[in-house]
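Each chain is listed here by its residues.
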Amino acid sequence: MQATAGATPNLQALDGLPLFDPSGRLRTERLHHGLQPAPGTEAGQIAVAPVVAGGTDHGLIVAFVAEGGLGPVTVQALERAATVVALAVTKQLAVSAVESKFRGDFLRDVLNGTAGTTAQITEHCAQLEWDVNRSMVVVVAELDPDADPATAGRTTPTPVAGRMPQQRLTAAWQQVVRRRDRFAPVVGFSHEVVALMPVDGSDTKTVIEDLIAAVTGDRGGGRHSFCTGVSRVIDSVAGIPQAYAQARKAVTVGRRMRGNGTVAHFDGLGVHRLLSLVDDSAELQAFASEVLGSLADDADEAIDLRQTLQALLDTNCNVAETARVLHFHYNTLRYRIGKLESIVGPFTTDPILRLDVALALRVVEMEGL
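Residues numbered from 1 in each chain as written. Predicted model: local features only at pLDDT ≥ 70, side-chain atom pairs only at ≥ 80, totals over all residues. Heavy atoms only, no water.

> Explain a negative patch on the surface to me, using residue names and the numbers behind them.
Together, D279, D280, E283 and E290 make up a negatively charged patch on the protein surface. Among the structural elements, E283 can be located in helix 8 (residues 281-292). (Patch = residues over 30% accessible without salt bridge, like charges linked within 9 Å, V, L, I, M, F, W, Y side chains within 5 Å. Areas by Shrake-Rupley, 256 points an atom, 1.4 Å probe, with all protein chains shown as cover. Salt bridge = Lys/Arg side-chain N within 4 Å of Asp/Glu carboxyl O. Lys, Arg positive; Asp, Glu negative; His and termini not counted. Charge placed at Lys NZ, Arg CZ, Asp CG, Glu CD. Helix = DSSP H or I, 4+ residues; strand = E, 2+ residues; numbered from the N terminus.)

Shown next as structure tokens:
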């Protein structure tokens, strides 16, 4: 929500409606054009009109009364007001587009380590009203390549005049981050949104979870799913380029491991972090095929046997425990172990082979063989 005006009782009643997330963002996905009952009230009413300029949906203008009394005339008035707002927004966007490009170009240089000395970067950031002289994490959010609003839990139709998904993602992150800390840099690029989030004394995971929950909203209004990568905590500007690389790596590996909508912290990638450093994916696939043989295939039987193999590794090859976990009869599992060892070798007794098998299974998980 950008601005409010009106009688104090109505404003207080509006704040109490289930239309706002903790960041203060109006859940626009819960509203539609025209008159509608106010949720959570018995007699309240809401009137809504979209703010559209240049074929682009810039938001909503909303009227609310706690005791009803709105009508079609109210909607017409809002539509006229929305036209005026659209003109003002168009003018503002023309100016902010130049400023945003300047900010984006500078932050890109900072992320790439080409923006100058630490002192120069800190001073320039201060001129842009960015505070980078504190403990931070770099957060990278990328839209999922095959994200489909129709399958993302959409509750309302996508507006005909809508912003591009990347623009919507950028706007959502900027609004949510600035509600939490207006001095935190957050910039949208062509394929990602980058934020430098302060975590002074805060639990990083909690901070990120709160941000993502606010940006995601109800997954309505045509919202797309996105993956998020989080770097280690850094204490100086000098660490930003490395932290940015960590966050981007976390996005890539997280999506490979768990699919769309993943939140991955660089420190939580484990051995996947090391495997991701191998640029030659063909070499990784060759390693997995050599170690696992036919188990590296995508046939149903191979996938089933890989699951059994992973369960055995997870229990340190404890047959009784694995049988209990998989709900197998003890003799059934013994038969499967024999079949597995005929394919990959004596992994139950050879610790070096067991390590190779464990790594190969991770490669298959990452590469989607």
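> Before we move on, can you summarise the confidence of the model for the chain with the specific residues and values?
This prediction gives the chain a mean pLDDT of 85; 91% of its residues lie at or above 70. Between the elements of the chain, mean pLDDT differs from a low of 79, seen in helix 7 (residues 271-275), to a high of 96, seen in strand 4 (residues 136-143). Contacts from residues 148-162, a stretch scored under 50 in pLDDT, to residues over four places away or in other chains number 29 contacts. (pLDDT = per-residue confidence, 0-100. Contact = heavy atoms within 4.5 Å.)

> I'd like a rundown of the pairing of strand 7 (residues 226-230), residues and numbers included.
Most of strand 7 is tucked away, with five of its five residues classed as buried. Alternating residues of strand 7 divide into F226, T228 and V230 and C227 and G229, and every residue in both groups is buried. Here five bridges tie strand 4 to strand 7, and the two strands are oriented antiparallel to one another. Looking across to strand 7, one finds that A141 is bridged to T228. (Buried < 20%, exposed > 50% of the residue type's maximum accessible area, 1.4 Å probe, protein only. Pairing = 2+ DSSP bridges.)

> Please provide a residue-by-residue account of the nonpolar core, values included.
Ranked by size, the top nonpolar core spans 32 residues in total, and within it L292, L295, L309, L340, F347 and V357 carry the most contacts. Counting residues per element, this core draws most heavily on helix 12 (residues 351-367), at seven residues. Beyond its immediate stretch of four places on either side in the chain, L295 contacts A302, L305, R306, L309, L340, I343 and V344. Formed by 24 residues, the second largest nonpolar core is a distinct cluster that contains F106, L111, V140 and Y244. (Core = buried A, V, L, I, M, F, W, Y, C linked by side-chain atoms within 4.5 Å.)

> Could you give me a rundown of the sheet that holds strand 5 (residues 186-188), with the residues and numbers involved?
Taken together, five strands build an open sheet; the order of strands is 5-6-4-7-8 and the sheet is mixed. Each having just a single partner strand, strand 5 and strand 8 (263-265) make up the two edges of the open sheet. Within this sheet the neighbouring strands show an average axis-to-axis angle of 15°, counted without direction. Across six bridges, the pairing between strand 4 and strand 6 (residues 193-198) is antiparallel. Bridging from a neighbouring strand, V139 pairs with A195 of strand 6. Against the sheet, helix 5 (residues 204-216) makes contact with strand 4, strand 6, strand 7 and strand 8, and its axis sits at roughly 160° relative to strand 7, the strand it touches most. (Axes fitted to C-alpha atoms, helices over the stretch in contact; angles between N-to-C directions.)

> Mind laying out the pattern of salt bridges, listing which residues take part and the relevant values?
Summed over the entire model, instances satisfying the criterion amount to 11 salt bridges. In this structure, the salt-bridge partner of E192 is R108, at a minimum N-O distance of 3.6 Å. Here the residue E192 occupies a position in the loop between strand 5 and strand 6, and R108 occupies one in helix 2 (residues 72-112), the gap between them amounting to 84 residues. Across the pair D144 and R255 runs a salt bridge, and its minimum N-O distance is 3.1 Å.

> Give me the lowdown on helix 8, citing residues and values where you can.
Over its 12 residues, helix 8 extends 16 Å from the first C-alpha to the last, a length consistent with the 16 Å expected when each residue adds 1.5 Å. Turning to helix 8, its buried residues number three or more, namely L284, A288, V291 and L292. Viewed end-on, helix 8 has its buried residues packed into an arc of 85°, placing them on one side of the element. With its phi angle positive at about 60°, G293 sits one or two positions after the end of helix 8. (Expected span 1.5 Å × (residues − 1). Arc of directions from axis to C-beta.)

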